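These are the residues of each chain, in order.
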Amino acid sequence: MYLTREEEKILAGEYGPEAELAMKILVSIGEVFNAERLVPIASAHLSGISYDNIRDEGLQFIKMITKNSHFKVNTTVNPVAFDMTSPDPRLCDQKMLEKQSEIVSILLKAGAGESFTCTPYLIGNSPASGCHVAWGESSAVTFLNSVLGAKSNREGGPSALAAAIIGKTPLYGLHLIEERKASVRITLEIVPRETSHYSLLGYTVGVLLRKGIPYVEFSKTPCLSELKAFCAGLAAASNISMSIIKGVTPPGTYRENPLMERVHIEENDLENALQKFSESERNIDFVFLGCPHYSLDEIMYLAELTEGRKALVEVMVSTSRYIYRKALKLGIIDILEKRGVKIIRDTCAIVAPLKRMDIRSVATDSAKAAHYLRLKHGMRVRLMSVREIATEFFR
Ligand code: F3S
């Protein structure tokens with residue numbers, strides 16, 4: 001891989017061991033993928049920062065690589081293991097509190113914003129179409145490539161950190177226009193109506209294709225929440241990090257491919273995917289919403305659907321601090337809390353150690369959450385629309 005003289009100096013350790021290690025990571029990845037060179041990035045988004053997931057090994061790595069480093073670009077971070085503004089004692093013991101706080105203070109000292117969200121594009125880290133960035137978090141990367149038209153591979157924790165330190169990433173994969181070409185045209189025999197349908201549809205496409213780039217044409221242009229749900233479902237079920245969505249993906253950020261194979265998706269395919277997430281409503285003792293983190297519109301919609309009613313089971317909704325503040329100003333947090341809805345910031349039911357709570361079965365409107373609640377926490381899950389949840393679990 002070609003390196004500038006400056007990059008060679010970094011690799012030789014002239015700017016300290018942390019920058020050297022970061023450069024080694026980028027060069028190793030670049031060489032594996034035959035990248036021609038490094039490319040400057042406009043921003044980074046770091047995933048893999050929940051202590052529940054990365055434990056002491058991850059903490060030590062973050063500590064070591066950021067010791068004398070300052071991030072070169074606008075850097076946001078993914079959710080952590082608990083709501084740091086109001087830690088829930090059921091999720092957070094003293095050790096978790098200390099270790100997670102240490103990770104957070106290291107990252108903030110290195111220049112990360114106090115973001116703690118998987119929807120950085122809703123809180124100001126929203127790169128312009130065509131920009132190169134280095135983002136972790138599969139749902140955010142897929143939204144970025146498919147909706148914003150910016151360019152990122154699906155970075156892991158270490159590679160996104162290294163990119164934030166150097167301000168560059170290897171030029172390969174979805175950074176190259178020739179790689180941003182659909183391989184399969186999805187024809188839909190169904191019309192998604194609710195956000196959860198988009199989530200399940202994305203998940204179904206992911207299960208069927210597993211890799212490549214699908215081209216999708218919806219009968220109406222989806223709204224932001226629907227696109228967010230579709231991208232998260234797609235990425236959770238596959239290695240896919242981009243979809244070309246007619247009328248949404250900015251022209252000029254992908255290559256046309258007239259020779260695409262066609263795949264039909266019909267009601268049956270969705271029902272097959274749904275079978276994994278069909279726990280009986282009678283057994284549900286917990287509702288989780290906000291995967292990816294809820295937008296203000298989604299919080300407002302929940303408030304509208306639950307008007308005059310109270311939750312029958314524990315209901316948790318995750319969002320970012322930024323959206324929470326907006327909802328608080330509008331009085332919606334107060335309204336929802338009086339109905340028994342807990343709005344949490346900085347975290348979510350998947351990156352938090354939810355196993356510590358005595359929960360058997362969960363209802364959610366997100367196929368991604370359903371997938372990981374089963375996989376990571378071993379819970380039984382029911383995937384429902386938020387409208388169905390409001391009807392079934394509020395009186
Ligand atoms: Fe976000 Fe947690 Fe879902 S990080 S995408 S809410 S699994």
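Another aspect to go through is the sheet that holds strand β10 (residues 286-294). The parallel open sheet is built from 5 strands, whose spatial order is β12-β11-β10-β13-β14. The outermost strands of the open sheet, each flanked by one partner alone, are β12 (341-345) and β14 (380-383). Direction aside, the axes of adjacent strands within the sheet are offset by 25° on average. Alignment of β10 against strand β13 (residues 361-364), held across 3 bridges, turns out to be parallel.

We now examine the domain arrangement of the chain. Partitioning the chain into structural domains gives domain 1 (5-175), domain 2 (179-275) and domain 3 (277-393). For domain 1 versus domain 3, the separation of C-alpha centres amounts to 27 Å. Contacts between domain 1 and domain 3 engage 26 residues on the former and 22 residues on the latter. Across the domain 1/domain 3 interface, buried area totals approximately 2100 Å², and carbon plus sulfur atoms make up 53% of it. The interface formed by domain 1 and domain 3 holds 6 salt bridges in total. Close ionic contact of Arg345 with Asp83 constitutes a salt bridge, the shortest N to O distance being 3.8 Å. When residues of the side of domain 1 that touches domain 3 are traced back to their parent elements, those giving at least two are α3 (51-66) and α5 (138-148). Partitioned by chemical class, the residues of the side of domain 1 that touches domain 3 number 12 nonpolar, 7 polar and 7 charged.

As a packed pair, helix α7 (residues 195-209) and helix α9 (residues 267-274) sit with axes 9 Å apart at the nearest point and diverge in direction by 90°. With respect to α9, the element α7 is oriented roughly perpendicular. When α7 is examined against α9, the residues Leu200, Leu201, Tyr203 and Thr204 are found in contact with a partner set consisting of Asp269, Leu270, Ala273 and Leu274. Of the residues assigned to the contact of α7 with α9, the class counts are 6 nonpolar, 1 polar and 1 charged.

Taken in spatial order, the 4 strands line up as β8-β7-β6-β9 in an open sheet, and their pairing is parallel. With one partner strand each, in any of the chains shown, β8 (244-245) and β9 (261-265) form the two edges of the open sheet. Where strand β6 (residues 184-188) meets strand β7 (residues 214-216), 3 bridges bridge the pair, whose relative direction is parallel. Across the sheet, the residue bridging to Ile186 is Val216, located in β7.

Along β14, the buried face is formed by Val381 and Leu383; none of Arg380 and Arg382, which line the opposite face, is buried. In the sheet, β13 pairs with β14 via 4 bridges, with the strands oriented parallel. Residue Ala363 lies in a different strand from β14, and its bridge partner there is Arg382. One crossover worth recording links β13 to the parallel β14 by way of helix α13 (residues 367-375), and it is right-handed.

The subject of this paragraph is the packing of aromatic side chains. Scanning all chains against the criterion turns up 5 aromatic pairs. Judged by centre distance (4.4 Å) and plane angle (10°), the ring pair of Phe33 and Tyr172 falls under stacked. Here the residue Phe33 occupies a position in the loop between α2 (17-32) and β1 (38-40), and Tyr172 occupies one in the loop between β5 (168-170) and β6, the gap between them amounting to 139 residues. Judged by its relative accessible area of 46%, Phe33 is partly exposed. The exposure class assigned to Tyr172 is buried, which follows from its relative accessible area of 12%. Between Tyr198 and Phe218, the ring centres sit 5.3 Å apart and the planes meet at 50°, which makes this aromatic pair tilted. Of this pair, Tyr198 sits in helix α7 while Phe218 sits in the loop between β7 and α8 (224-236), placing them 20 residues apart in sequence. The class of Tyr198 is buried, set by a relative accessible area of 1%. Under the relative-accessibility criterion, Phe218 is labelled buried at 10%. Every member of this aromatic cluster is reached through a ring pair, and the members are Tyr198, Phe218 and Phe230. Lying across the ring of Tyr324, Arg345 places its NZ or CZ 3.6 Å from the centre.

Reading guide: rules and limits
- Residues numbered from 1 in each chain as written.
- Predicted model: local features only at pLDDT ≥ 70, side-chain atom pairs only at ≥ 80, totals over all residues.
- Heavy atoms only, no water.
- Pairing = 2+ DSSP bridges.
- Helix = DSSP H or I, 4+ residues; strand = E, 2+ residues; numbered from the N terminus.
- Axes fitted to C-alpha atoms, helices over the stretch in contact; angles between N-to-C directions.
- Domains from an automatic or database assignment.
- Contact = heavy atoms within 4.5 Å.
- Buried area = accessible area lost by both parts, 1.4 Å probe.
- Salt bridge = Lys/Arg side-chain N within 4 Å of Asp/Glu carboxyl O.
- Nonpolar A, V, L, I, M, F, W, Y, C, P; charged D, E, K, R; others polar.
- Parallel < 35°, antiparallel > 145°, perpendicular 65-115°, else oblique.
- Buried < 20%, exposed > 50% of the residue type's maximum accessible area, 1.4 Å probe, protein only.
- Right-handed = clockwise from strand over helix to strand, strands pointing away.
- Phe/Tyr/Trp six-rings, centres within 6.5 Å; stacked < 30°, edge-to-face > 60°.
- Lys NZ or Arg CZ within 6 Å of the ring centre and 35° of its normal.

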